[in-house]
Amino acid sequence: MAERPTLAPEKISDTVKSQIAGFHRSIVDEVAAAVSRDRVVVVGMAQNPFVKKARQLLDGEGVKYTYLEYGSYLSRWKERLAIKLWAGFPTFPMVFVGGVLEGGYAELVKLRDQGKLKGSP
């Protein structure tokens, strides 16, 4: 599996590294803590139909999950950008299972179809 290209650390100044590390750090730390603590985590935003579909799928399967919501299409976009930079995933929802970013709604459907959601507390 190919890794996504990223800028080499030696090509980033110390000043910029500090800015990156601090960019909405409290939000990133909040998401990281939930992902490490809870079996299933959905990170989303209001008004996004795929976030709603993901939550409905999990509810329908009886899967307990933590939901973290950060704004809507017109608010808190910088916080969502920080999460995207951290995870390296471009869209919402972000679905984590067992501490692993599995993807969004389409990937969640595949997990369900493969029987990989059952047994989640």
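As a convention, each chain's residues are numbered from 1 in the sequence order in which they are written. This being a predicted model, a pLDDT of at least 70 is required before a residue's local features are given, and a value of 80 or more before pairs of side-chain atoms are given or counted; all residues contribute to the totals for chains, interfaces and linings. Only hydrogens and water are set aside; all other atoms, that is, all heavy atoms of the structure, feed into the side-chain values.

**Some words on helix 2 (residues 25–37)**
For the record, the criterion: Here a strand is any run of E in DSSP of at least two residues, a helix any run of H or I of at least four, and the numbering for each starts at the N terminus. By definition here, a helix of n residues has an expected span of 1.5 Å times n minus one. With a 1.4 Å probe rolled over the protein chains alone, any residue whose accessible area is under 20% of its type maximum counts as buried; one over 50% counts as exposed, and the rest are partly exposed. Taking the helix axis as origin, the arc is that swept by the directions to the C-beta atoms. We call two residues in contact when some of their heavy atoms are within 4.5 Å.
The end-to-end C-alpha separation of helix 2 is 18 Å, in line with the 18 Å expected for 13 residues at 1.5 Å each. Among all positions in helix 2, only Ile27, Val28, Val31, Ala34 and Val35 are buried. Buried residues in helix 2, looked at end-on, bunch into an arc of 130°, giving them a common side. Of the residues in helix 2, the exposed ones pointing more than 90 degrees away from the buried face are Ser26, Ser36 and Arg37. Residues of helix 2 that are buried in the fold lie against strand 1 (40–44), strand 2 (66–69), helix 4 (77–87) and strand 3 (94–97).

**Structural notes on the sheet that holds strand 2**
Under the convention used in this document: When DSSP finds at least two bridges between two strands, those strands are taken to pair. Only the contacting stretch of a helix is used when fitting its axis, a line to C-alpha atoms as for every element, and angles between N-to-C directions run 0 to 180 degrees.
Pairing is mixed in the open sheet, where four strands are placed in the order 2-1-3-4. Where the open sheet ends on each side, the last strands, each with one partner, are strand 2 and strand 4 (100–103). Pairs of neighbouring strands in the sheet enclose a mean axial angle of 25°, with direction left out of account. Here strand 3 pairs with strand 4 via three bridges, running antiparallel. From the neighbouring strand, phenylalanine 96 faces strand 4, where its bridge partner is leucine 101. Sitting on the sheet, helix 3 (residues 49–61) touches strand 1 and strand 2, and the angle it makes with strand 1 is about 160°.

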